[in-house]
Amino acid sequence: MSKSTPRRGFGKRSGTVTVIEAKVHRSAERDARMAFIITAIVVCLIAMTVASDHMHPILAFLVGAMISLITGAVAWTLVRIWPVIRLIWWWIPEIGTAVLLTYGWMQLANHTPAPVTLAVLALVVGVPAAVPLIRRRIVAVVWCVVVRHRLRVCFSQFIVANQSGSLPLILWARPTPVGERVWVYLRPGLSQADLVGRLDKIAVTCHASSALIERAAEGNAAYLRFDIKRREVLNRQVNSHLPSLVDPDMPVMPRQPGTVPTALDLPDVLAESKPTAAAKTATSPNGRKPAASSAADADSGDDITDWI
């Protein structure tokens, strides 16, 4: 679906603004036709079978044909307008915000005097701009809306889609401490491996520093999660109150210099070390010496009867 507008200038060429691509338009038309035929045949057979128990077979066929035409037309309409529904889904945050602001402004202007209207408008605009917490939250939500459109640009420009031209379905997005997180449902013909090699281009298109892709569900490879990173939060300076808890009058203890052994050579370590006195007197919980220690003492010439 395209709209042509005349271009002023030296030439008489016309510019074309594409709303729905020709490939998608043809694919939707073909799918709508198949949906109508299949739905009409199945519904006609079912309706004719049910109606034949209560009326003549010819009348049952006419009733089934009428019902099948109605249901087939509904199926054709839904499949045919699916590209438009998807386009509305892409722009539903902007459409909803515009409708809400327009309706709210009309109601406010019709039911309040001009000074009150200006005061409410100043509060609605000034408070979010003056309070940093609210302002950062609004900016984060705006970036989520922008990232959804930028990902759609990625898929339509340099990521190969399927033969029918259907782009992946970009579901929703939410802000994170480092950027945004977007959930995407891939179409047949595209996989996670096809997107890993284009992460740098996705980051450039989304005006971010980097991008990551992970599976959003272990049992579904088409359901992916995009993490768009814009800032680094691990290297920020954090104001801590712990230094204020230290008593400034506390005396500083001098630190004793430690000795670290250096130039240690393996011949300096004894090949066999004699058991210490603590090892000789070690006993098991039941009062007996372990078998390994007893065997060692027997070899050294001690009287084993002292341990029984």
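Scroll up for the structure.
Residues numbered from 1 in each chain as written. Predicted model: local features only at pLDDT ≥ 70, side-chain atom pairs only at ≥ 80, totals over all residues. Heavy atoms only, no water.

Asker: It is not clear to me how the overall build of the protein should be interpreted in this structure. Could you clarify?
Answerer: Across its full length, the protein holds 10 helices and six strands. Burial statistics for the protein: of 308 residues in total, 22% are counted as buried. (Helix = DSSP H or I, 4+ residues; strand = E, 2+ residues; numbered from the N terminus. Buried < 20%, exposed > 50% of the residue type's maximum accessible area, 1.4 Å probe, protein only.)

Asker: So what exactly am I meant to see when it comes to the pattern of salt bridges here?
Answerer: Any two side chains of opposite charge can pair if their charged atoms end up close together. Counted under the stated rule, the structure contains four salt bridges. Put simply, D227 and R181 hold a salt bridge, and the shortest N to O gap is 2.6 Å. Of the two residues, D227 is situated in strand β6 (residues 220-229) and R181 in strand β4 (residues 179-185); the sequence distance between them amounts to 46 residues. D227 gets classed as buried once you look at its relative accessible area, which sits at 15%. A relative accessible area of 23% places R181 in the partly exposed class. Its salt-bridge partner being R225, residue E214 comes within 2.5 Å of it at the nearest N-O pair. Here E214, found in strand β5 (residues 210-217), pairs with R225, found in strand β6; they are 11 residues apart in sequence, far enough to count as distant. (Salt bridge = Lys/Arg side-chain N within 4 Å of Asp/Glu carboxyl O.)

Asker: What is the right way to read the sheet that holds β5 from this model?
Answerer: Across a sheet, strands are paired by hydrogen bonds formed along the backbone, either parallel or antiparallel in direction. Overall, antiparallel pairing links the four strands, which are arranged β3-β4-β6-β5 in an open sheet. With partners counted over all chains shown, the strands left at the sheet margins are β3 (169-176) and β5, one partner each. For this sheet the average axis-to-axis angle between neighbouring strands, irrespective of direction, equals 25 degrees. In the sheet, β3 pairs with β4 via six bridges, with the strands oriented antiparallel. Of the residues in β4, the one forming a bridge with T176 is G179. Packing of helix α6 (residues 132-157) onto the sheet brings it into contact with β3, β4 and β6, and relative to β3 it is tilted by some 150 degrees. (Pairing = 2+ DSSP bridges. Axes fitted to C-alpha atoms, helices over the stretch in contact; angles between N-to-C directions. Contact = heavy atoms within 4.5 Å.)

Asker: How should I be thinking about the packing of helix α4 (residues 92-111) against helix α5 (residues 114-130) in this particular structure?
Answerer: A pair of packed helices is characterised by two quantities: the angle between their axes and the separation of those axes. Look at α4 against α5: their axes get within 8 Å of each other, and the N-to-C directions meet at 145 degrees. Seen along the crossing, α4 lies across α5 with a hand that is right-handed. Only T117, V120 and L121 of α5 make contact with α4, whose side of the interface consists of W105, L108 and A109. The residue makeup of the contact of α4 with α5, split by class, is five nonpolar, one polar and no charged. (Left-handed = near helix turned anticlockwise from the far one by under 90°. Nonpolar A, V, L, I, M, F, W, Y, C, P; charged D, E, K, R; others polar.)

Asker: What should I look at first to understand the packing of aromatic side chains in this one?
Answerer: Aromatic rings in a pair are described by how distant their centres are and how their planes are angled relative to each other. Under the definition given, this model contains two aromatic pairs. Centroid distance F155 to F226: 6.3 Å. Interplanar angle 80 degrees. Geometry classified as edge-to-face. With F155 in helix α6 and F226 in strand β6, the pair connects residues that are 71 residues apart, well separated along the chain. According to the relative accessible area criterion, F155 is buried, its value standing at 3%. Each ring, one from W172 and one from W183, has its centre 5.7 Å from the other, and the planes form 35 degrees; the classification is tilted. With W172 in strand β3 and W183 in strand β4, this residue pair connects regions lying 11 residues apart in the sequence. The cationic tip of R230 hangs over the ring face of W143; the distance from NZ or CZ to the ring centre is 3.7 Å. (Phe/Tyr/Trp six-rings, centres within 6.5 Å; stacked < 30°, edge-to-face > 60°. Lys NZ or Arg CZ within 6 Å of the ring centre and 35° of its normal.)

Asker: Would you take a moment to explain the nonpolar core for this structure?
Answerer: Across soluble globular proteins, nonpolar side chains show a tendency to be buried alongside one another. By size, the foremost hydrophobic cluster in this structure holds 24 residues, and its most contacted members are L151, F155, V184, L195, I202 and F226. Broken down by secondary-structure element, the contributors of at least two residues to this core are α6, β4, α8 (199-205), β5 and β6. F226 has contacts with L151, F155, E180, R181, V182, V184, L195, I202, L212 and I213, leaving out every residue within four places of it along the chain. (Core = buried A, V, L, I, M, F, W, Y, C linked by side-chain atoms within 4.5 Å.)

Asker: What am I meant to see in the side chain of H149 here?
Answerer: Within the fold, H149 resides in helix α6. Residue H149 is classed as buried on the basis of its relative accessible area of 12%. Separated by 2.7 Å, the side chains of H149 and E94 make a polar contact. Setting aside residues no more than four positions away along its own chain, H149 makes contact with W90, W91 and E94. (Polar contact = N/O pair within 3.5 Å; in protein donor to acceptor, adjacent residues only side chain to side chain.)

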